Amino acid sequence: MKIAAAICAMLFATAIRPGWLGLGFSYHVTDGRGWLLVERIAPGSPSEKAGIRAQDVIVAIDGHPLTFKSDVEVLDQFASMRSGTAVKFTLAQRGKSHEVSVVPAPMSETQYAQWLINYERARSKRSR
Amino acid sequence: MPVAQRSGHLHFAPGCETAGCVASHAAADVPFRIGEVAPADLDVAIPWTVTVVAPQAWGAPVELRPGAFPSTVDIAIYPAGEIHGTVDVARTEAAPAEVTAQFVSRDLTATQSCAVAGVTWSCAAPAVTLDIRIGAKSFVPHYFFDLPITSGSRRNLGLVRLERGASVSGRVSVRPFDVGDIIVELRPSTPSRSPHDLSVRVRPDVKGFFQIQGFPLGTYRISASKTGYSSAQSPSLAITEPKEIVLDAPLLLTPLSSFDVSVSPPVTAEGKQWNVSLDRASDPESRSPVRRGLATPAGFLRFKEIEAGRYELSLKDAAGSIHARRFVDVIAGMAPLTITITDVAVVGTITAGDKPLRADVTFHGADGTTARTKSNENGAFETLLPHDGRFRVDVRLSNDQILRLPTVDVRAASQEGVARVRLQLPSGHVQGTVVDSSGNGVGDAVVTLMRNGLPESDTYAKEDGSFSLYGVKAGELAIEARTHAAETGLVPLVVHDGESSEVRLSLRAVTRLAGSIVSPAGEPLAGAMIRYSSPTYAEMRHEISDPNGRFELSLPANSASIDLVALSPGFPIKITSVALPRDSIQLVMGKPSGTLLVKLGRVPPWPFVRSSGNFIGLRFLLFPFSLSPRQTTRDGPLFELESGVYAVCPEPRMSALCEERRVAPGEEATIDASAFFEMKR
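Residues numbered from 1 in each chain as written. Chains lettered and ligands numbered in written order. Predicted model: local features only at pLDDT ≥ 70, side-chain atom pairs only at ≥ 80, totals over all residues. Heavy atoms only, no water.

With respect to the overall build of chain B
Helices and strands together make up the secondary structure of chain B, namely zero helices and 59 strands. Taking all 681 residues of chain B together, the buried fraction comes to 49%. Sequence-distant contacts in chain B: of pairs separated by 6 or more residues, those separated by 24 or more amount to 58%. (Helix = DSSP H or I, 4+ residues; strand = E, 2+ residues; numbered from the N terminus. Buried < 20%, exposed > 50% of the residue type's maximum accessible area, 1.4 Å probe, protein only. Contact = heavy atoms within 4.5 Å.)

Okay, here's the thing in structure tokens:
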């Protein structure tokens, strides 16, 4: 399943301000296992500083495998990440995995407004 | 009382028989009796441990570190008892060589090692009432509270079952102190999608102490809750190894609060009551508004029994437009909150070229406020915006088409007090029919309009397969239709302003080709983009390799061959062609090679490139999502390619104009394609 990937794509059901990771992604499922493809990294963002790059593959968040059932569940997960609280992403490559810790930064008013817009769009988008 | 000495002097607890107490420097094994002067040649450059060695006396060991020698060493001497017990470990485990006993009383905190012989351990202990923690490395500790130890006694603590794993311990605090219905819960810091409940719940003891064990390593938060009180939370705890985490601060439970909201004007412009919602601004566990309510016709609402903390309060009208949104810090006894709404009346139209559109229009303010409205058959709409300024606008047409418009500036004209907004979409239009192989219309197919490889707009085909897309900006596009089991592939399309482009999209059954992509060493490459096209169709699609380096291509039926471009960061771009049919495909990325710089004029149009197979649009050699810095130069894109001969041509048919270069390891080849399209301009 695909999610609209924008640099500040943090989408959530209600008006709760998440931390800013500067990460855009799409969610995929292979053999029942979910994974995220990093599609966008905002320059100077916490994700970039942590070493995450476009086309990286995330297979776990805070040690937990990804088993989302819908786009909105993915978005809810990211929207629950708070400024200042580190999040560990497990990246998979070349048959191995390693963890990177990303500390979301506070989200500016502009970013937050865009975040709300993106969420509305994702919620109104019909699932396919 | 012994005199102060270089090595310290000793204070005595009541009851200590001074003649029986001995302090020793364990490192040098130089005992001295209490009251005696220590050896003058005490070496202060090495660490010392001062212990009490005497029958029926106990003193907490004191560590003396080089560079931090105190002028006095104070050791409180207590009458001694003994604690002992047995350890039980899993059958596959060996009993630890020692356990650690931590003693805590009103006046004492000390830690000492207790030797384990077989499965039995024992330790001297001060003859006072103690809280005792028995632990061993990588095992969950055990706690014993309010144990009276008497002088000369042997207290059996029984069987201590040692289990490996992490644990968290701490205390709760509440006033008045009543731990009655307090629940302490450990939960993953970020909501887990595991089918198993990873939460652990315990109740604190009568003193408010709690210990949680039996959870996997991870990142967690501890929360304490009690009816009628705000819950308390710990910071996020990263538990990365099997050891005990002790919370520094107690989890403090405070009584719930209430606060009042007053809105002016008291009702909406339609005369309806305001909807007020309260959402947690700081709780990562929250998933739905904490509270919702209707303000009274007088514009008043009281929120009762709210947990202290920061919230976001939203004010909505009956249509769901958000007129105000602000943060509220809820504390006990807070003053009422007054919200004043100053809406701006907006009158507008929405058209695609000159054609009025019936649509759902949503304005999004930078502060998170929104306003929703509908336009009529004349494209006219009215609404109230919470303020003037710049707004993003989303439009949903009756054909389910969603368009995102550029920011609009809303300003009320000073005289009439109304802001006039004109939303003008591009005037291009695309319409057509999605059909199956028999020519029958196929309903509910997803029809996507693409521009420069990115989706621009989409809609669904109606039951008869017909579809329509409005507000399309003029230019060269591509369009495709897909159902679950069939697709059309990308069909090129040219749209002109004010004109309607007609297209018939024929669905073809999809066949699948499994593949894998690996490094030269055979390691699976995750996140690689595999672009592929068929020479019989003007289309380029892509798949992404999964964490195991696997991917699956969807091929239109009757494909004889496909051309592939594999893009994996850290490897040269791979261009290859494969004949079909075949069972599977494996792409082995090459080792670092040379580069090809292609100087370009204005793009589009993009030239084509060919290696060993068919022509591929040069733009498909660009890394997806974000252009690699290495790929962009002032003259044009720079491509890291596998060794070989590459031809860049204006069009596949114009082979006489192709420029060929050899890419060799460690070398940079250059092709000047900037004049390719001069004749066309």
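What about the overall build of chain A?
The helix and strand inventory of chain A stands at three helices and six strands. Taken across its 128 residues, chain A has 56% of its residues classed as buried. Here the analysis covers contacts within chain A between residues at least 6 apart in sequence; of these, 55% occur between residues at least 24 apart. Accessible surface computed for chain A: about 5,000 Å², of which carbon and sulfur atoms make up 51%. (Areas by Shrake-Rupley, 256 points an atom, 1.4 Å probe, with all protein chains shown as cover.)

Considering the confidence of the model for chain A
Per-chain confidence: chain A averages 79 in pLDDT, with 80% of residues scoring 70 or above. For chain A, the element scoring lowest by mean pLDDT is helix H3 (residues 109–124) of chain A, at 71; strand S3 (residues 57–61) of chain A scores highest, at 95. (pLDDT = per-residue confidence, 0-100.)

Focus: the packing of aromatic side chains
Within the structure shown, the criterion is met by 11 aromatic pairs over all chains. Considering the side-chain rings of Tyr27(A) and Phe68(A), the 5.3 Å spacing of their centres and the 70° angle between planes classify their relative orientation as edge-to-face. One end of the pair, Tyr27(A), is in strand S1 (residues 23–30); the other, Phe68(A), is in the loop between strand S4 (64–65) and helix H2 (71–79), with 41 residues separating them in the sequence. By relative accessible area, which is 5% here, Phe68(A) ends up buried. Ring geometry for Phe363(B) versus Phe381(B): centroids 6.0 Å apart, planes at 50°, classification tilted. Residue Phe363(B) is found in strand S32 (residues 359–365), and its partner Phe381(B) is found in strand S34 (residues 380–385); the two are separated by 18 residues along the sequence. A relative accessible area of 0% means that Phe363(B) is categorised as buried. Exposure remark for Phe381(B): the relative accessible area of 2% places this residue in the buried category. Here a set of aromatic residues connected by ring pairs shows up, and it is made of Phe25(A), Phe78(A) and Phe89(A). (Phe/Tyr/Trp six-rings, centres within 6.5 Å; stacked < 30°, edge-to-face > 60°.)

Observations concerning the side chain of Thr268(B)
Residue and element names in this part refer to chain B. Assignment of secondary structure puts Thr268 in the loop between strand S23 (257–264) and strand S24 (275–280). What makes Thr268 buried here is its relative accessible area of 6%. When sequence neighbours within four positions are dropped, the list of residues in contact with Thr268 reads Gln273, Trp274 and Asp317.

Focus: the state of the cysteines
All names here are of chain B. Tallied over the entire structure, the rule returns two disulfides over all chains. The partner cysteine of Cys114 in its disulfide is Cys123, sulfur to sulfur 1.7 Å. Between Cys114 and Cys123 the sulfur-sulfur dihedral comes to about -95°; the bridge is accordingly left-handed. A sulfur-sulfur distance of 1.8 Å marks the disulfide that ties Cys649 to Cys658. Linking Cys649 and Cys658, the disulfide has an S-S dihedral of approximately 110° and is accordingly described as right-handed. (Disulfide = S-S within 2.5 Å.)

Things to note about the pattern of salt bridges
A full pass over the atoms with the stated rule returns 25 salt bridges over all chains. Between Arg94(A) and Glu523(B) there is a salt bridge, and its shortest N-O distance comes to 3.4 Å. Residue Arg94(A) is found in the loop between strand S5 (87–93) and strand S6 (96–102), and its partner Glu523(B) is found in the loop between strand S46 (508–518) and strand S47 (529–533); the two belong to separate chains. Under the relative-accessibility criterion, Arg94(A) is labelled partly exposed at 37%. (Salt bridge = Lys/Arg side-chain N within 4 Å of Asp/Glu carboxyl O.)

Comments concerning the environment of Pro148(B)
All names here are of chain B. Within the fold, Pro148 resides in strand S11 (residues 142–148). Given a relative accessible area of 44%, Pro148 falls into the partly exposed group. Taking the C-alpha atoms as reference points, Pro148 and Gly81, separated by 67 residues in sequence, lie 9.9 Å from one another. Those residues in contact with Pro148 that lie beyond four places of it in its chain are Val128, Thr129 and Arg155.

Structural notes on the nonpolar core
Grouped together as the largest cluster of nonpolar side chains are 30 residues, with contacts concentrated most on Ile573(B), Leu596(B), Leu621(B) and Leu641(B). When residues of this core are traced back to their parent elements, those giving at least two are strand S2 (33–41) of chain A together with strand S50 (561–567), strand S53 (594–599), strand S56 (638–641), strand S57 (644–649) and strand S59 (668–672) of chain B. (Core = buried A, V, L, I, M, F, W, Y, C linked by side-chain atoms within 4.5 Å.)

What about the sheet that holds strand S45 (residues 500–506) of chain B?
Residues and elements named next belong to chain B. Taken together, the three strands give an open sheet; going across it, the order is S41-S38-S45, and neighbouring strands pair in mixed fashion. Every other strand in the sheet has two partners, leaving strand S41 (466–472) and S45 as the edge strands with one partner each. Here the average twist between neighbouring strands, direction ignored, is 20°. Of the strand pairs in this sheet, strand S38 (residues 428–435) and S41 are connected by five bridges, and their pairing is antiparallel. (Pairing = 2+ DSSP bridges. Axes fitted to C-alpha atoms, helices over the stretch in contact; angles between N-to-C directions.)

Details of unusual backbone geometry
Residue Pro265(B) follows Ser264(B) across a cis peptide bond; omega there is 0°. Checked against the element boundaries, Pro265(B) lands in the loop between S23 and S24. With omega at 0°, the peptide bond leading from Leu580(B) into Pro581(B) counts as cis. Relative to the assigned elements, Pro581(B) resides in the loop between strand S51 (574–579) and strand S52 (584–588). Despite not being glycine, Gln55(A) has its phi angle at roughly 75°, a positive value. Mapped onto the elements of the fold, Gln55(A) is located in the loop between helix H1 (46–49) and S3. On the basis of relative accessible area, Gln55(A) is assigned to the buried category, the value being 2%. Phi is positive for Glu305(B), close to 50°, though the residue is something other than glycine. Among the structural elements, Glu305(B) can be located in strand S26 (residues 300–306).

Details of the sheet that holds strand S54 (residues 608–610) of chain B
Residue and element names in this part refer to chain B. Read from one edge of the open sheet, four strands run S55-S54-S57-S58, paired in antiparallel fashion. Unpaired on one side and paired on the other, strand S55 (616–617) and strand S58 (659–663) mark the two borders of the sheet. The pairing of S54 with S55 spans two bridges and is antiparallel. Residue Val609 lies in a different strand from S55, and its bridge partner there is Ile616.

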